[in-house]
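Observations on the three-dimensional arrangement
So the chains spell out like this:
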Amino acid sequence: LRQRLGETAGDRAFETWQQRLLKEPAVILLDGLDEVPEAQRRREVLLQAIRDFLAPLPKVTRVLVTARPYAYADPRWHLPRFSTLALAPFDERQVQRFIARWYQAVAPDLGWDATTAQQRGERLATALQERPFLADLASRPLLLTLMATLHSSWGQLPEDRADLYEETVKLLLARWQRGREISGPDGQPMIEPGIAQVLGVGEARVREALERLAFTVHQRQREAAAAGQDGEAADISEGEILVAFKPLLGEVAPDVLLRYLQERAGLLIERRSGVYAFVHRSLQEYLAACLVLSQPDAAGQLVRLLSADPAWWREVFVLG
């Protein structure tokens, strides 16, 4: 408060808020627990600070702490007396409201008036309604945010589905990483040592490994379906991830790699402890297609896959 308001105003504001929080009902939102790195005990210190902060508050106070699921799956990060709730996918009404408010929020930065912002938002909403595959993606807040980012930057979404997925993969791998840098004590950008270690091998090599993983998993799921098992399940084990990323493991420790994929890339999500999935099935299919296209005789290989199982490999073929 002192840093924001100055010493005198900060002290006055602190006393006022302290008394109100100790005596009156309040709702307190603490957003992004997962964005605080574990390095240098930062997350451990933060959790203790939250516990200390909550201890004297009256029972009528309600506190909401948000985190992506992987971060809160670890019992070390659990806060006592908190119930755990998972967010449902957006419905159509929520998607429309998100788009309207997104364009209200970005309009000042882009120099748009209210009418222009509304028209741009309506254009994105129309695109989602006209293309069913986009509507399915939009039910996931992460992917809807990526589409809104692309649309407000470009003025439209790529017409081609493969181009949309390519730009989405690029955003998840690169641009969001820069947004998650934190400032060190000297004000300079700082990335966790483990994350820097993964980034040091090069984004291209991380991308290649993700493509290898997507193809391997898609192929394995097809074999499971043929054997009468649940081939639709998108589960990916830690072992499968480490095999796909084996070329990097001489330079990056396995636990560092898994944490990077959970916390930073955003392409994989942890469904439960030790079990992962691509954030959307279509991104798995797109990355699998990318791997095929990097091979000799890519066109022939796509045709052979499609001939072997038209239903299973159709999307990979089309995206390729």
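Refer to the structure printed above.
The sections below set out a description of the structure shown in this document. Just so it is clear, the model here is predicted, and its values are computed rather than measured.

1. Re the side chain of Ser-282
Following the sequence through the fold, Ser-282 ends up in helix α14 (residues 281-293). The class of Ser-282 is buried, set by a relative accessible area of 6%. Reaching out from Ser-282, the side chain makes a polar contact with the side chain of His-280 at a distance of 2.7 Å. Not counting residues up to four positions away in its chain, the partners in contact with Ser-282 are Leu-137, Tyr-165 and Leu-319.

2. Some thoughts on the pattern of salt bridges
Side chains that differ in charge, positive against negative, can pair when their charged atoms come close. Tallying each qualifying case throughout the model produces 11 salt bridges. Across the pair Glu-211 and Arg-207 runs a salt bridge, and its minimum N-O distance is 2.8 Å. Taken as a pair, Glu-211 and Arg-207 lie in helix α11 (residues 203-226) at a separation of 4 residues, close to a single helical turn. Across the pair Glu-315 and Arg-314 runs a salt bridge whose closest N-O atoms are separated by 2.7 Å. With a relative accessible area of 46%, Arg-314 lands in the partly exposed category. In the salt-bridge network here, residues are joined through shared partners; they are Arg-161, Arg-314 and Glu-315.

3. Quick look at the packing of α14 against helix α16 (residues 310-319)
Viewed as axis vectors pointing N to C, α14 and α16 meet at an angle of 60°, and their least axial separation amounts to 8 Å. For the element pair α14 and α16, the recorded crossing hand is right-handed. For the pair α14 and α16, contact is made by Arg-281, Ser-282, Glu-285, Tyr-286, Ala-288 and Ala-289 and by Trp-312, Glu-315, Val-316 and Leu-319, respectively. The class makeup of the residues in the contact of α14 with α16 is 6 nonpolar, 1 polar and 3 charged.

4. Things to note about the sheet that holds strand β6 (residues 268-272)
The 3 strands are arranged β5-β7-β6 in an open sheet whose pairing can be described as antiparallel. In this open sheet, the two strands that pair with only one neighbour each are β5 (236-237) and β6. As defined by bridge partners, β5 adjoins strand β7 (residues 275-278) across 2 bridges and the pair is classed as antiparallel. When the bridges of β7 are listed, Ser-237 appears paired with Val-275.

5. Focus on empty space enclosed by the protein
Inspection of every chain in the model, using the stated rule, returns 1 cavity of 30 Å³ or more. Size it by volume and the largest cavity reaches roughly 50 Å³. Going through the elements one at a time, α8 (141-154) and α9 (161-179) are the ones with two or more residues in the lining of the largest cavity.

6. What about unusual backbone geometry?
A positive phi angle, near 70°, is found at Arg-81, a position not held by glycine. As for its placement among the helices and strands, Arg-81 is situated in the loop between α4 (69-73) and α5 (92-110). When its relative accessible area of 79% is taken as the criterion, Arg-81 is described as exposed. With a phi close to 55°, Asp-297 is a non-glycine residue in the positive phi region. Along the polypeptide, Asp-297 turns up in the loop between α14 and α15 (298-308). Judged by its relative accessible area of 48%, Asp-297 falls in the partly exposed class.

Thresholds applied
- Residues numbered from 1 in each chain as written.
- Predicted model: local features only at pLDDT ≥ 70, side-chain atom pairs only at ≥ 80, totals over all residues.
- Heavy atoms only, no water.
- Helix = DSSP H or I, 4+ residues; strand = E, 2+ residues; numbered from the N terminus.
- Buried < 20%, exposed > 50% of the residue type's maximum accessible area, 1.4 Å probe, protein only.
- Polar contact = N/O pair within 3.5 Å; in protein donor to acceptor, adjacent residues only side chain to side chain.
- Contact = heavy atoms within 4.5 Å.
- Salt bridge = Lys/Arg side-chain N within 4 Å of Asp/Glu carboxyl O.
- Axes fitted to C-alpha atoms, helices over the stretch in contact; angles between N-to-C directions.
- Left-handed = near helix turned anticlockwise from the far one by under 90°.
- Nonpolar A, V, L, I, M, F, W, Y, C, P; charged D, E, K, R; others polar.
- Pairing = 2+ DSSP bridges.
- 1 Å grid on protein atoms, 1.4 Å probe; cavity = no way out; pocket = protein on both sides within 12 Å on 5 of 7 lines; lining within 4 Å.
- Points joined across faces, edges and corners; volume = space filled by probe spheres on them.

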